[in-house]
Amino acid sequence: MPYTKRRRLVTSAVAIALGATALAACGSDSGDSETESGPVSLTYWTWTPGMDKVVDLWNKGPGKKDQITVTVKKQASGDTLVTKILTAHKAGKAPDLVQAEYQALPTLVSNDALADISKNVGEAKDRFADGVWQQTTLGTDAVYAVPQDIGPMMFYYREDLFKEYGLTVPTTWDEFAKTARELKKAAPDKDLTTFSANDSGLFAGLAQQAGAKWWTTSGDQWKVAINDAATQKVAKFWGGLVKEGAIDNQPMYTPAWNKALNTGKQIAWVSAVWAPGTLTTAAPDTKGKWAMAPLPQWSASENRTGSWGGSSTAVTTDSEHQEAAAKFAAWLNTDSDALNALAKESGIYPAAKNAQTSGAFLKPPAYFSHQADFYSKAADIAETTAPSAWGPNVNVAYTTFKDAFGAAAKNKSDFGAALDKMQDDTVADMKKQGFEVAE
């Protein structure tokens, strides 16, 4: 591996650990000057549907006044976009703004692709829950993006069937396990839910709620703790339920899973705030029969949730107009008109607290029209989002999860061994990339 790449990556870890702005100093000084005048044109890479209509509000309003025009370039999402951003950055041609999932930020930061915009958007911090804002700072004094949408996790259940079988909505995970067993005893052909190994984001969110810190830094080294005590607790809990047959072990988002929800074969789902949209298509015949409640807790005295999904708006180090780009990013994710448009045109659940109970969120989702307090309850849950700790190779950890946990769920074998496999593969990949990893 070339020394220059290794040095850049290690320096990034040091910057994150110390809360320094070493990355910013490498090349993220704002291209704007205080005396700059004249029109500014920015390019924004995003996968969010309808974003061009939202951006039109800026171009015709605040942007026009400030002579800042933003052009949307629609992109693919996930790892595909991250790869494209890094490729463009290596050529010095990354766009001014990019949409980035929270777990992708460390990868982009460690490659010096994102600018520290703390001096331009710091005042926006109070608009977001602490656990949400923390995801864009990586635990430092820097700010690498502005939160856009979030996916606070919660518990969904068939209200009618819970009543029919005399079940109580679980408030702790111990009660959750008890409820699963009670249902299986009363109706052997039904399952409370399933453990799905085809969506690593769900497992990551559950570990986050339990207090997991998968990636952290100390000095100039990364520490990987995917198999920490908190995550082992989560893996043991779900693995135990699968092994005893108290819940199903089939993946989600399949025709069989849709049918299980639609027919009442599965009567609950651990999901996130965006679940109503999925249920609308997966279980259309059960509209109005579901209810939402907070995620069960590991202790009755706790009150926190994990995240499943969500993204942010970041400014790249290649941008020659970082101050202008940061101004747009802050507007997009804090302005009431912009947030209303994002909800209407893009269907997102906003990260900004003030938008979670206004505009499009004054009424419950059509699928939950009977639960009038759906969004006020969701906002309260979102406020309890636990801090996360993402690293530079989340994609490797997630791929191993699907393979190792997929096999363990299918065979009803040891989830702990699958978790160790995630740990080992992630560490090996980081070392291969040239990161300093603490043993």
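Position labels on residues start from 1 in each chain and follow its written sequence. Totals for whole chains, interfaces and linings use all residues, but because this is a predicted model, local features are given only for residues with pLDDT of at least 70 and pairs of side-chain atoms are given and counted only at 80 or more. Side-chain metrics in this entry use all non-hydrogen atoms of the structure; hydrogen atoms and water are not considered.

The chain is annotated in an unreviewed UniProt entry as Sugar ABC transporter substrate-binding protein from Streptomyces swartbergensis.

Q: Can you explain the pattern of salt bridges? Please cite residues and give values.
A: Whenever Lys or Arg places a side-chain nitrogen within 4 Å of a carboxyl oxygen from Asp or Glu, that contact is recorded as a salt bridge. Here the structure, examined in full by the defined rule, presents nine salt bridges. Close ionic contact of Asp 160 with Arg 158 constitutes a salt bridge, the shortest N to O distance being 2.9 Å. Salt bridges sharing common partners tie together Lys 184, Asp 191 and Lys 265.

Q: Which residues make up a negative patch on the surface, and what values go with them?
A: The patch calculation keeps residues exceeding 30% relative accessible area without a salt bridge and links them within 9 Å when they carry like charges or within 5 Å when they are nonpolar (Val, Leu, Ile, Met, Phe, Trp, Tyr). Calculation of accessible area relied on Shrake-Rupley with a 1.4 Å probe; when residues are assessed, cover is drawn exclusively from the protein chains displayed. Only four residue types enter the charge count: Lys and Arg as positive, Asp and Glu as negative, with His and the chain ends excluded. The location of each charge is read from NZ of Lys, CZ of Arg, CG of Asp or CD of Glu. Side chains of Asp 126, Asp 130, Asp 380 and Glu 383 sit close together on the surface and give a patch of like negative charge. Take Asp 380: it is sitting in helix H17 (residues 374-382). Strands are runs of DSSP state E lasting at least 2 residues, helices are runs of H or I lasting at least 4, and numbering of each runs from the N terminus.

Q: So what's going on with helix H13 (residues 255-263)? Which residues, and what values?
A: Throughout this description, buried means an accessible area under 20% of the type-specific maximum (1.4 Å probe, protein chains only), exposed means over 50%, and partly exposed covers the range between. Every buried residue belonging to H13 is among Trp 257, Ala 260, Leu 261 and Asn 262, and all of these are buried. Throughout, a residue-residue contact means that at least one pair of heavy atoms, one from each residue, lies within 4.5 Å. Summarising the contacts, the buried residues of H13 are in contact with strand S4 (146-158), strand S7 (268-272), helix H14 (275-282) and strand S8 (290-294). Where H13 ends, the next residue or the one after it, Gly 264, has phi of about 85 degrees, a positive value.

Q: So what's going on with the nonpolar core? Residues and values would help.
A: Take the buried Ala, Val, Leu, Ile, Met, Phe, Trp, Tyr and Cys residues and link them wherever side-chain atoms come within 4.5 Å; each set so joined is a nonpolar core. Counting 144 residues, the largest nonpolar core has Phe 195, Trp 214, Trp 215, Trp 238, Val 270 and Phe 405 as its most contacted members. Residue ranges assigned to each domain were obtained from an automatic or database domain assignment. Of the residues that make up this core, three or more belong to each of domain 1 (40-150 + 310-355) and domain 2 (153-307 + 387-433).

Q: Quick rundown of the packing of aromatic side chains? Include the residues and the values.
A: Any pair of aromatic rings gets described here by the distance separating the centres and the angle formed by the planes. Here the aromatic set is Phe, Tyr and Trp, taking the six-membered ring for Trp, and pairing holds for ring centres within 6.5 Å; pairs whose planes are under 30 degrees apart are stacked, those over 60 apart are edge-to-face, and all others are tilted. In this structure the tally under the stated criterion is 40 aromatic pairs. Plain terms: the ring middles of Tyr 349 and Phe 361 are 5.6 Å apart, the flat faces sit at 80 degrees to each other, and that makes the pair edge-to-face. Within this pair, whereas Tyr 349 is found in the loop between helix H16 (336-346) and H17, its partner Phe 361 is found in the loop between H16 and H17, the two being separated by 12 residues in sequence. Judged by its relative accessible area of 9%, Phe 361 is buried. Above the ring of Trp 45, the side-chain terminus of Lys 84 is found at 5.0 Å from the ring centroid. We call a charge positioned over a ring when the NZ of a Lys or the CZ of an Arg lies within 6 Å of the ring centre and within 35 degrees of the ring normal.

Q: Report on the pairing of S7, specifying residues and quantitative values.
A: The buried fraction of S7 is high, at five of five residues. A two-sided burial pattern is seen for S7, the buried positions comprising Ala 268, Val 270 and Ala 272 on one face and Trp 269 and Ser 271 on the other. Across five bridges, the pairing between S4 and S7 is antiparallel. Paired with Met 153 across the strands is Ala 272, a residue of S7. Each pair of strands is called paired provided DSSP finds at least two bridges between the two strands.

Q: Before we move on, can you summarise the packing of helix H3 (residues 51-60) against helix H15 (residues 322-334) with the specific residues and values?
A: It is at 11 Å that the axes of H3 and H15 come closest, and there the two elements cross at 110 degrees. Between H3 and H15, the interaxial angle falls into the category roughly perpendicular. For the pair H3 and H15, the crossing hand works out as right-handed. Contact residues: H3 offers Met 51, Val 54, Val 55, Leu 57 and Trp 58, while H15 offers Lys 327, Phe 328, Trp 331 and Leu 332. Only the stretch in contact is used when fitting a helix axis, every axis being a line fitted to C-alpha atoms; angles between N-to-C directions are given from 0 to 180 degrees. Throughout this description, any angle smaller than 35 degrees is read as roughly parallel, any larger than 145 degrees as roughly antiparallel, any in the 65 to 115 degree range as roughly perpendicular, and the remainder as oblique. For a crossing to be left-handed, the near helix must be turned anticlockwise from the far one by less than a right angle; the clockwise case is right-handed.

Q: Which residues make up the domain arrangement of the chain, and what are the values?
A: When its domains are assigned, the chain resolves into domain 1 (40-150 + 310-355) and domain 2 (153-307 + 387-433). Look at where the C-alpha atoms of domain 1 and domain 2 centre, and you get two points 29 Å apart. Across the contact, 11 residues belong to domain 1 and 11 residues belong to domain 2. Area buried by domain 1 at its contact with domain 2 is led by Gln 103, Pro 106 and Gln 135, which between them contribute 49% of it. One can count zero salt bridges joining domain 1 with domain 2. In the analysis that follows, any N or O atom pair within 3.5 Å is treated as a polar contact, provided that within protein one partner can donate a hydrogen and the other can accept it, and provided that, for residues neighboring in sequence, both atoms belong to side chains. Between the two partners, domain 1 and domain 2, sit four residue pairs in polar contact (both at pLDDT 80 or more). Of all elements in the fold, only helix H6 (105-110) and helix H8 (130-137) reach the threshold of two or more residues within the side of domain 1 that touches domain 2. Once two parts are joined, some of their accessible surface, as seen by a 1.4 Å probe, is lost; buried area is that loss totalled over both.

Q: If you had to explain the confidence of the model for the chain to someone new, which residues and values would you point to?
A: pLDDT is a residue-level measure of predictor confidence that goes from 0 to 100. Of the residues in the chain, 92% have a pLDDT of 70 or more, and the chain-wide mean is 91. For residues 1-35, every residue scores under 50 in pLDDT, and the model assigns this stretch 68 contacts once sequence neighbours within four places are set aside.

Q: Mind laying out unusual backbone geometry, listing which residues take part and the relevant values?
A: We note that Leu 138 has phi near 55 degrees; this positive angle belongs to a residue other than glycine. Examined against the element boundaries, Leu 138 turns out to sit in the loop between H8 and S4. Phi at Lys 412 takes a positive value of approximately 55 degrees, unusual for a residue other than glycine. Along the chain, the position of Lys 412 falls in the loop between helix H18 (394-411) and helix H19 (415-433).

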